[in-house]
Amino acid sequence: MANVRLVELTKNYKRGSEIIRALDGVTLDIDKGEFVAVVGRSGSGKTTMLDLLGLLLKPTAGSLFIDDVDTTKLGDRQRAKMRARRVGFVFQEYNLLSGMNVLENVMLPLRYVKNGAAGKQRAIELIDRVGLSDRIKHKPSELSGGQMQRVAIARSMVNRPSLILLDEPTGAVDTETAQQLVDLLKLLNREDQVTIVIVTHDVDIASQARRQIRLKDGKVLTDERVEEKLPVA
Ligand code: ADP
Ligand code: MG
């Protein structure tokens, strides 16, 4: 079953009298459990595509199905509900709340779903899985960039979304930390069968995804599946 289906998905922006085709009629499927990298030059439409997938933006035309629901037919409340339940977000700038500690940050999305209170155990378990059990009461200002991004990744998973969207998540950390974050994402992808879509400039990271979608001028230039690389003995 396709986890995500884009059908002629289009997003136009107006700038003065000019129309910018940020996403220009993209049709593709992403299956459950895929690990997809979205690449392309600055301005090619990567963030627009990701924000559409995450229901943060409404398309100008076309359809977007998530778990077989046509999200373009949903009202605002239902869209918000679907976003809270099905989608996890990770941004380059972490977007953690500075006044809250690690546990409180990871638990934040639980507020927007029913029975969220039952999720504390889940949050603690995720903090453990991202390797931050000993930092659970720390504030973001007491963490490194890599640690903050681990918190953001744990937070994105707390509601058990079917889809995690990451926009340049390694853009603000060094190469080694970036690789550790990618290794963590691979592990979560494998263990939880969660679909991962990562926008990245980093060719080394993109080459580790099992599928690479390259955008140019809002269109899909190439869409390639690659064999998973075996570890070098
Ligand atoms: P990328 O993430 O690949 O750098 P974006 O999706 O951010 O690309 O942008 C795609 C195109 O849409 C660019 O030409 C950009 O300038 C334009 N764009 C993005 N957001 C807006 C906006 N809110 N208003 C007008 N134009 C926008
Ligand atoms: Mg972008």
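Residues numbered from 1 in each chain as written. Chains lettered and ligands numbered in written order. Predicted model: local features only at pLDDT ≥ 70, side-chain atom pairs only at ≥ 80, totals over all residues. Heavy atoms only, no water.

Asker: Sorry, what's going on with the environment of Ala172 here?
Answerer: Within the secondary structure, Ala172 is located in the loop between β7 (163-167) and α6 (175-192). Residue Ala172 is classed as partly exposed on the basis of its relative accessible area, which comes to 47%. Sequence separation between Ala172 and Leu103 is 69 residues; the distance between their C-alpha atoms is 22 Å. Ignoring anything within four residues of it in the chain, the contact list for Ala172 reads Gln92 and Tyr94. (Helix = DSSP H or I, 4+ residues; strand = E, 2+ residues; numbered from the N terminus. Buried < 20%, exposed > 50% of the residue type's maximum accessible area, 1.4 Å probe, protein only. Contact = heavy atoms within 4.5 Å.)

Asker: Looking at this structure, how should I read α6?
Answerer: It helps to recall that an α-helix has 3.6 residues per turn; residues three or four apart then point in one direction. The terminal C-alpha atoms of α6 lie 25 Å apart, and with 18 residues this matches the ideal 26 Å at 1.5 Å per residue to within 8%. Residues of α6 that are buried: Thr177, Ala178, Leu181, Val182, Leu184, Leu185, Leu188 and Asn189. The arc that holds every buried residue of α6, seen down its axis, measures 155°, which confines them to one face. Turned more than 90 degrees away from the buried face of α6 sit Thr175, Glu176 and Arg190, all of them exposed. Contacts from the buried residues of α6 go to β3 (35-39), α4 (120-129), α5 (145-157), β7, β8 (195-199) and α7 (203-206). N-capping of α6 is provided by Asp174, with a side-chain oxygen placed 3.1 Å from the backbone N of Glu176. Of the residues flanking the end of α6, it is Gln193, one or two places downstream, whose phi is positive at about 55°. (Expected span 1.5 Å × (residues − 1). Arc of directions from axis to C-beta. Polar contact = N/O pair within 3.5 Å; in protein donor to acceptor, adjacent residues only side chain to side chain.)

Asker: Any chance you could explain the sheet that holds β8 here in plain terms?
Answerer: Strands belonging to one sheet form pairs held by backbone hydrogen bonds; the direction of such a pair is parallel or antiparallel. Spatial ordering of the open sheet is given by β6-β7-β8-β3-β9-β10, a layout of six strands whose pairing is mixed. For this open sheet the edge positions go to β6 (87-91) and β10 (219-225), each flanked by a neighbour on one side alone. Each neighbouring strand pair of the sheet contributes to a mean axis angle of 15°, computed without reference to strand direction. Bridging between β6 and β7 involves five bridges; their strand directions are parallel. Across the sheet, residue Gly88 finds its bridge partner in β7, namely Ile164. (Pairing = 2+ DSSP bridges. Axes fitted to C-alpha atoms, helices over the stretch in contact; angles between N-to-C directions.)

Asker: Got a minute to help me understand the layout of surface pockets in this structure?
Answerer: Where empty space is left can be seen by rolling a probe of water-molecule size over the atoms. Approximately 550 Å³ is the volume attributed to the largest pocket. Lining the largest pocket are 19 residues; nearest its centre among them are Ala84, Val87, Phe89, Pro109 and Tyr112. Of all the secondary structure elements, the ones that give two or more residues to the lining of the largest pocket are α2 (76-86), β6 and α5. The residue inventory of the lining of the largest pocket, partitioned by class, reads twelve nonpolar, four polar and three charged. (1 Å grid on protein atoms, 1.4 Å probe; cavity = no way out; pocket = protein on both sides within 12 Å on 5 of 7 lines; lining within 4 Å. Points joined across faces, edges and corners; volume = space filled by probe spheres on them. Nonpolar A, V, L, I, M, F, W, Y, C, P; charged D, E, K, R; others polar.)

Read these as geometric descriptors, not functional statements.
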